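In case you want the letters, here they are:
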Protein chains: 2
Amino acid sequence: MPSALPLSAALLSLLTASPKAPAPAAVTGPSPQVAERLIGAALTEGHAWARLAELTDGIGSRLSGSEGAEAAVQWAKRSFEADGVKVWLEPVKVPRWVRGEESARVLGSERFRAHPLSILALGGSVSTPAGGLTAEVIEVRSLDEVVALGDKVKGKIVLFNHAMREAMEYGKYAGLRTRGTSVAAKAGAVGVLVRSLATASLRSPHTGAVRYDEGVERIPAAAVSVEDAELLHRLLAGGPVKVELKLGCQTLPDADSFNVVAEVKGREKPQEVVLLGAHLDSWDVGTGAHDDGAGVAMVMEAARLIGKLKPAPRRTVRVVLFANEENGLRGGRAYAEAHAAELANHVAALEMDSGGFRPVGVVLRAGPGGAELVRSWLRPLEALGAGSILQGEAGGADLSPLLPARVPFVGVRVDISRYFDVHHSEADTLDKVDPKDLAQSTAAVAWVGYVLAEVPEVLPRPEAPPTEAPKAPAAP
Amino acid sequence: MPSALPLSAALLSLLTASPKAPAPAAVTGPSPQVAERLIGAALTEGHAWARLAELTDGIGSRLSGSEGAEAAVQWAKRSFEADGVKVWLEPVKVPRWVRGEESARVLGSERFRAHPLSILALGGSVSTPAGGLTAEVIEVRSLDEVVALGDKVKGKIVLFNHAMREAMEYGKYAGLRTRGTSVAAKAGAVGVLVRSLATASLRSPHTGAVRYDEGVERIPAAAVSVEDAELLHRLLAGGPVKVELKLGCQTLPDADSFNVVAEVKGREKPQEVVLLGAHLDSWDVGTGAHDDGAGVAMVMEAARLIGKLKPAPRRTVRVVLFANEENGLRGGRAYAEAHAAELANHVAALEMDSGGFRPVGVVLRAGPGGAELVRSWLRPLEALGAGSILQGEAGGADLSPLLPARVPFVGVRVDISRYFDVHHSEADTLDKVDPKDLAQSTAAVAWVGYVLAEVPEVLPRPEAPPTEAPKAPAAP
C-alpha cells in the first residue's frame, strides 16, 4: 500500500500539532460535516473507479468522430441521469482522423540487416504514398537544429530524438511532436519520426497530435518507440540509414459530436458557475484510462456527490465533459463560444487531465489574494496530502479558451511521475489506475468544487489575460 | 550507476577483513596474474558489449530457419576467426516456423464494445482457419482446472490466466504455455490464450514455445498481454465473452543450420573439454539481446580472452553456440549426439542463458566435494559480488542432453529480477542490457571457464543422471 504512507504521515502531523498546522479556528467556509460527507463518500464508495471501468472496459477508446466517442457521449448522459444530475448535450463539430495500416522499417545495408520499427502515426498525419516512402534519416535534437542544418534536411526523414527522462520534461519536448513536422517540411524533409514522449518503454510508441502550419507542405509523421529511436541513433553513428515508412491514415469530413454538460444548480446564486471539466475523447490506442477517463470519473463523481447535498451549494457546480481535446480542442472552443455571455459569471474553472494519480496539492491562476483565500479552505485535504497550494499555474487545454474572460482557474495537481509511461499509448488501460489514488483525487476534486461553490467569497479574477495559453506540464 | 554499489560494498568488505573473508593463503589454483588479466580485460575493454551490438543491431532477430539465424552463424564464425580462435560449424536440422498476420479481439456485446487484444502467436502454433475462429472464452488458473472443468471447456478458447509477479515464478507458470494447449485440446478446446509470462507490461505480449502432444489435436495458441488477460478477467465476471482469433503462422519444412563450435586447445590435456555454451537463435520478436545475445557475447569473449593467454590452459576450452534452443533444442541434441564419444572427457559444462545481468554467484551440479573445490577458486569474483556458491542447480536447456553422460555443470548465476520484463518480447533489445552488468558477467564466465580448464583437479561427476532434465529458473 504505497499510498498509505503520505496519508499516515499527514495524519500524524495533525495529531502532533506541528507548528505548520493551522489552528482549528483557522478553518473557515463550509461546514466540516460536508467535508466529512464528500471526502468520506469519495474514499469509501468506489464509484469513481466503477465509472472508469464502465468507460474503459465498456466503451474503450474514443477518438473524436469514432463510434467509441459517440458511445461515450451517450454513456455519460445516461450516467448523469442515473445519478439524478441534470445533463444536456451541446453540439460540437469534430475532426475525424482515422488510423490505417502502418509500418516502418530500417532497410538493410552492408552494415546491418533490416529492422522493423515500432511506430504509431501521429494524430492528424497525412498518409504516405500507398507504397510508402523511403528516405535517409537525419537525426536532430531540436527545432533549431533543423533550421541550422538547412539543405541537409532536403529529401530526408527527420528523426526528432530527444532526452526526455522524467514526466516534468514533457512540456520541454512536446513541441517536437506538435510543431516539428512543419519545421521539418519547411526545410524540405519528406517525413518525420518523433521519439516517443515516454518515461518507460517496452518498444511501445506514444502518439499525439501533429499540428500542420498553414501554407507548409503536409508531410507524414509518426512516433517511434524509444528503443527504435536509440537503434536509429546507433546505426546513424556508422553511416547513412534509410527508412521505409508506410502510413495509411486519413482525415475524413468533420463529424457531429457533443460536449456533455451537467450541473447542480446553486441555491442562492445559480447564475454563478463553478466549472469542473475533463475531456471525454481519447486517442485511438489503449482505452484512455488515465487520459482522460480518470478525469471524467473524478468530475462526474464530484457532481454526483455534490448533487446529493441538501441544501445545494450556494452557486452552480457545472461539469463539462469536453469533446475533442486530443486533436482539435473543438470542445473547449465550442463551450467558450456558446457560453460567452455567462463567462463573466464563471467564478472558477478546474480541469482534471493529468491522470488518475494521487493528489499532491492545489494550484491556482487567480488575482492577488486568491492563494490566501484558497489556502484557508484546504484543511480537509491535508490528510490526503493535498492540503497545500503548490507553485505553478492552474490550467488545462480545454480551459484555455476561457482565458480572455479572465476566469479564475483552480487545479488539483496529481503525482504525474508515472503518467508518461502510458500516456497516448496502447498501455493506457484501466489496470494502470490505482483505485486508491483515483478515490483520493476524486475526494479532492469534490471538496474543491464544493467549496468554490459554497463560500461567500469568490476568487479574484486574474489581472490580465496572457497573450498565449499557459502550458500545463502534463497537457494535452 | 546502480551496479557500482555492490562492487564497492564487496571491496569494502575485503578491505575491512570481515570474518567471512577467507585468508589470502586460501587462494588456490591458477595464478592471480591470470585473474587480473581476464577480469581486468573483461571489465575494461568493452568487447562483449560491442559484440552484442553487432549481433543485435547488425543482425537482429534470428529464429531458427530464418535468414537472421543463418546470418548469425556466419557472423559468429567470422568473429571467432577475427579473434584468432579456431572455429567450425556442425550441421543441425532445425524446425522452421514462420509468424504470419495475426490479430485478436473481444467481440462487442450488450455489455461492452469490441476490444482489440494485444497478442503474439506462440512459437510452433498452428494457424487458425483463414477467417479466424470465434469462441467463448473460459478462464482457468492451472492445468488441473482445465481437467476439472471437463465438458465446459468444449468448443471454448481457454485463457490461462495466472498470477506470475516475480521472475522466480517463471518456472511455476511456464508449463501453462508449453503444455497447456494440448491439455486444453484434450478437453475439447478450440484455441488457447496464455497470459504473458511477464514481470512488466506496457500491453506487450511475450511469446514462447508451445509443445503439442502426440495424438492430440493441434489447436492455435497465442500469448496475450497481461493487460488484456486482466481485461478478459473483468469482462468474464459479468457474463460470456467471445473472442475472435486469427493466426496466420505456419511450419515450413526443416531447414539446415549449424551449431557454431570454437575452441582454445588445452596445453596438457587437450582431450579434456570445458564447454562454455549459449544459444545463437532467438525469437522472431525483439533482437534477442538478453535472450540469448548476452550469453553469446559472454562466452565468445571468454574464448577470446582465454585464447590470448600464454601458455594456454591445461585443458581445452570449447565454446558452443547452440542452434534452436527456443523452439526445438535440436542444437543441444545434435551436439550431444555428435560428441557422444568424448562426453566422458567433458569435465565441465556451463551455459549462459538468463540475460546479460550482473553476476550474483555460482551454482553447480556435480558430485560430492564439488562445491568445496569450486569455492576455493572464486576469490577473484568476490569484488564482483559473484564469489559465492549459491543454492540451486546449474543447468541450461542445451546442456540437458549431456545429463546422461554425467557431465558436471557449473553456472554463473545473474540477477534475473528484470529478465521477464522483456524476455521473448519485442522489448528484448540492446538498450535493455547494461554494459557494466554484461562486462561483469563476462568476467565471471571467463574466470570460471579458465579455472575449470586450468586447475589440476576436476569436478566429481554427479552421481546419477536424473530421470528428467532439471528446470533452471530462467530457461528456456
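Just so it is clear, the structure is predicted and the values come from calculations on it, not from any experiment.

Each value, and the rule that gives it
Residues numbered from 1 in each chain as written. Chains lettered and ligands numbered in written order. Predicted model: local features only at pLDDT ≥ 70, side-chain atom pairs only at ≥ 80, totals over all residues. Helix = DSSP H or I, 4+ residues; strand = E, 2+ residues; numbered from the N terminus. Rg over C-alpha atoms; globule rule 2.2 N^0.38 Å. Buried ≥ 20, exposed ≤ 12 C-beta atoms within 10 Å, placed from the backbone. Contact = placed C-beta atoms within 7 Å. pLDDT = per-residue confidence, 0-100. Nonpolar A, V, L, I, M, F, W, Y, C, P; charged D, E, K, R; others polar. Pairing = 2+ DSSP bridges. Axes fitted to C-alpha atoms, helices over the stretch in contact; angles between N-to-C directions. Least-squares fit on C-alpha atoms with pLDDT ≥ 70 in both. Domains from an automatic or database assignment. Parallel < 35°, antiparallel > 145°, perpendicular 65-115°, else oblique. Left-handed = near helix turned anticlockwise from the far one by under 90°. Right-handed = clockwise from strand over helix to strand, strands pointing away. Expected span 1.5 Å × (residues − 1).

Caption draft 1: Fine view of the overall build of chain A. Within chain A, the regular secondary structure consists of 11 helices and 16 strands. For 476 residues, the compact-globule estimate of 2.2 N^0.38 gives 23 Å, and chain A sits close to it at 23 Å. Overall size of chain A, expressed as C-alpha extent along the three principal axes, is 75 × 50 × 45 Å. Buried residues in chain A amount to 57% of all 476 residues. Residue pairs at least 24 apart in sequence account for 84% of intrachain contacts in chain A once pairs closer than 6 positions are excluded.

Caption draft 2: Representation of the confidence of the model for chain A within the structure. Residue and element names in this part refer to chain A. Put simply, chain A has an average pLDDT of 92, and 91% of its residues get 70 or more. Under a pLDDT of 50 for its full length, residues 1-28 has, in the predicted model, 22 contacts with residues more than four places off or in other chains. Low confidence marks residues 470-476, where pLDDT is under 50. Its contacts with residues over four positions away, or in another chain, come to 18 contacts. Interface confidence for the predicted complex, given as ipTM, is 0.91, next to a pTM of 0.92.

Caption draft 3: Focus on the interface of chain A and chain B. With 28 residues of chain A at the interface, the matching set in chain B holds 27 residues. Within the residue set of the side of chain A that touches chain B, elements represented by two or more residues are α3 (47-59), α4 (67-82) and α7 (226-236) of chain A. Class assignment of the residues belonging to the side of chain A that touches chain B gives a composition of 10 nonpolar, 8 polar and 10 charged.

Caption draft 4: Representation of helix α9 (residues 330-338) of chain A within the structure. Within the span of α9(A), buried status applies to A:R330, A:G331, A:G332, A:A334, A:Y335 and A:A336. Looking at the buried side of α9(A), the elements it contacts are β1 (86-98), β10 (250-264), β11 (269-279) and β12 (315-322) of chain A.

Caption draft 5: The arrangement of the sheet that holds strand β6 (residues 157-160) of chain A in detail. All names here are of chain A. The sheet built from 8 strands is open, its strands ordered β3-β2-β9-β5-β6-β7-β8-β4 with mixed pairing. Looking at strand neighbours, the two that pair on one side only are β3 (115-117) and β4 (119-121), the edges of this open sheet. The sheet shows a mean angle of 30° between the axes of neighbouring strands, direction not considered. Across 5 bridges, strand β2 (residues 102-106) lies against strand β9 (residues 242-247) in antiparallel orientation. By the bridge assignment, V106 is partnered in β9 with V243. Packing against the sheet, helix α6 (residues 170-186) makes contact with β6, β7 (191-195) and β8 (221-224), and its axis sits at approximately 155° to β7. The sheet strands contacting α7 are β2, β3, β5 (133-140), β6, β7 and β8, and the helix crosses β5 at an angle near 85°.

Caption draft 6: Representation of the relation of the copies chain A and chain B within the structure. Mapping chain A onto chain B calls for a screw motion: a turn of 180° about the axis and a shift of 0.0 Å along it, with 0.0 Å RMSD after fitting. In symmetry terms, the pair is related by a two-fold rotation axis. Ranked by how close their C-alpha atoms come to the rotation axis, the residues of chain A are headed by A:L202, at 3.1 Å. Taken as a fraction of all interface residues of chain A, those also at the interface in chain B reach 96%, which identifies the copy contact as same-surface.

Caption draft 7: Representation of the domain arrangement of chain A within the structure. Residues and elements named next belong to chain A. Here chain A is described as being made up of domain 1 (4-95 + 253-454) and domain 2 (100-248). Summarising the inter-unit geometry, the C-alpha centres of domain 1 and domain 2 are found 35 Å apart. Contact residues are listed per partner, giving 14 residues for domain 1 and 15 residues for domain 2. Of the residues assigned to the side of domain 1 that touches domain 2, the class counts are 6 nonpolar, 5 polar and 3 charged.

Caption draft 8: Expanded view of the environment of A:W88. Residues and elements named next belong to chain A. Of note, W88 is situated in strand β1. Residue W88 is classed as exposed on the basis of its 12 C-beta neighbours within 10 Å. For the pair W88 and N259, spaced 171 residues apart in sequence, the C-alpha separation works out to 8.5 Å.

Caption draft 9: The arrangement of the sheet that holds strand β4 (residues 119-121) of chain B in detail. All names here are of chain B. Spatial ordering of the open sheet is given by β3-β2-β9-β5-β6-β7-β8-β4, a layout of 8 strands whose pairing is mixed. Edge positions in the open sheet fall to β3 (115-117) and β4, since each of these has one partner strand only. Averaged over all adjacent pairs, the angle separating strand axes in this sheet is 30°, with direction ignored. With 4 bridges connecting them, strand β7 (residues 191-195) and strand β8 (residues 221-224) associate as parallel partners. Note that in β8 the partner of R195 across the bridge is V224.

Caption draft 10: Region of interest: the packing of helix α3 (residues 47-59) of chain B against helix α9 (residues 289-307) of chain B. All names here are of chain B. Viewed as axis vectors pointing N to C, α3 and α9 meet at an angle of 135°, and their least axial separation amounts to 9 Å. Relative to α9, the element α3 lies oblique. The two elements α3 and α9 meet at a crossing, and its hand is right-handed. In this structure, α3 contributes H47, A48, R51, L52, L55 and T56 to the contact, and α9 contributes A289, G293, A294, V296, A297, M298, M300, E301 and R304. Here the residues of the contact of α3 with α9 sort into 9 nonpolar, 3 polar and 3 charged.

Caption draft 11: Local environment of unusual backbone geometry. All names here are of chain A. Cis rather than trans, the peptide bond between D291 and D292 has omega equal to 5°. Within the secondary structure, D292 is located in helix α8 (residues 289-307). Positioned with a positive phi, R203 is a non-glycine residue whose angle comes to about 65°. Under the C-beta neighbour-count criterion, R203 is labelled buried, with 24 such atoms within 10 Å. Of note, R406 is a non-glycine position whose phi angle comes to about 55°, a positive value. Tracing the backbone shows R406 in the loop between β15 (389-393) and β16 (409-414).

Caption draft 12: View of the pairing of strand β14 (residues 359-365) of chain B. Residue and element names in this part refer to chain B. Along β14, 7 of the 7 residues are buried, which leaves the element largely enclosed by surrounding structure. Relative to strand β16 (residues 409-414), β14 runs antiparallel, the two being bridged by 6 bridges. Opposite L364, over in β16, you have V410 as the bridge partner. Sheet analysis places β14 next to strand β15 (residues 389-393), joined by 2 bridges and oriented parallel. Each bridged residue has a counterpart across the sheet, and for V362 the counterpart in β15 is I389. After leaving β14, the chain enters helix α11 (residues 370-375) and then returns to the sheet as β15, a path that is right-handed.

Caption draft 13: Molecular detail of the pairing of β9(A). Note: β5(A) against β9(A), 4 bridges, orientation antiparallel. Looking at the pairing, A:T134 lines up with A:E244 of β9(A).

Caption draft 14: Main features of helix α4 (residues 67-82) of chain B. All names here are of chain B. The end-to-end C-alpha distance of α4 is 22 Å, a good match for the 22 Å that 16 residues give at a rise of 1.5 Å each. The secondary structure elements touched by the buried residues of α4 are α3, β1 (86-98), β10 (250-264), α9 and β12 (315-322). G84, located one to two residues past α4, shows a positive phi value of around 75°.

Caption draft 15: Inspection of the packing of α3(A) against α4(A) at higher detail. Residues and elements named next belong to chain A. Where α3 meets α4, the axes come as close as 10 Å, and the angle between the chain directions of the two elements is 150°. In this view, α3 runs roughly antiparallel relative to α4, as classed from their interaxial angle. Read as a crossing pair, α3 and α4 show a hand that is right-handed. Counting all contacts with α3, which are made through R51, E54, L55, G58 and I59, the residues of α4 involved are G68, A71, A72, W75 and S79.

Caption draft 16: Representation of the environment of B:G396 in the model. All names here are of chain B. Turning to its location among the elements, G396 is positioned in the loop between β15 and β16. Take G396: there are 29 C-beta atoms within 10 Å of it, and that puts it in the buried class. As a C-alpha pair, G396 and E351 span 45 residues in sequence and 5.6 Å in three-dimensional space.

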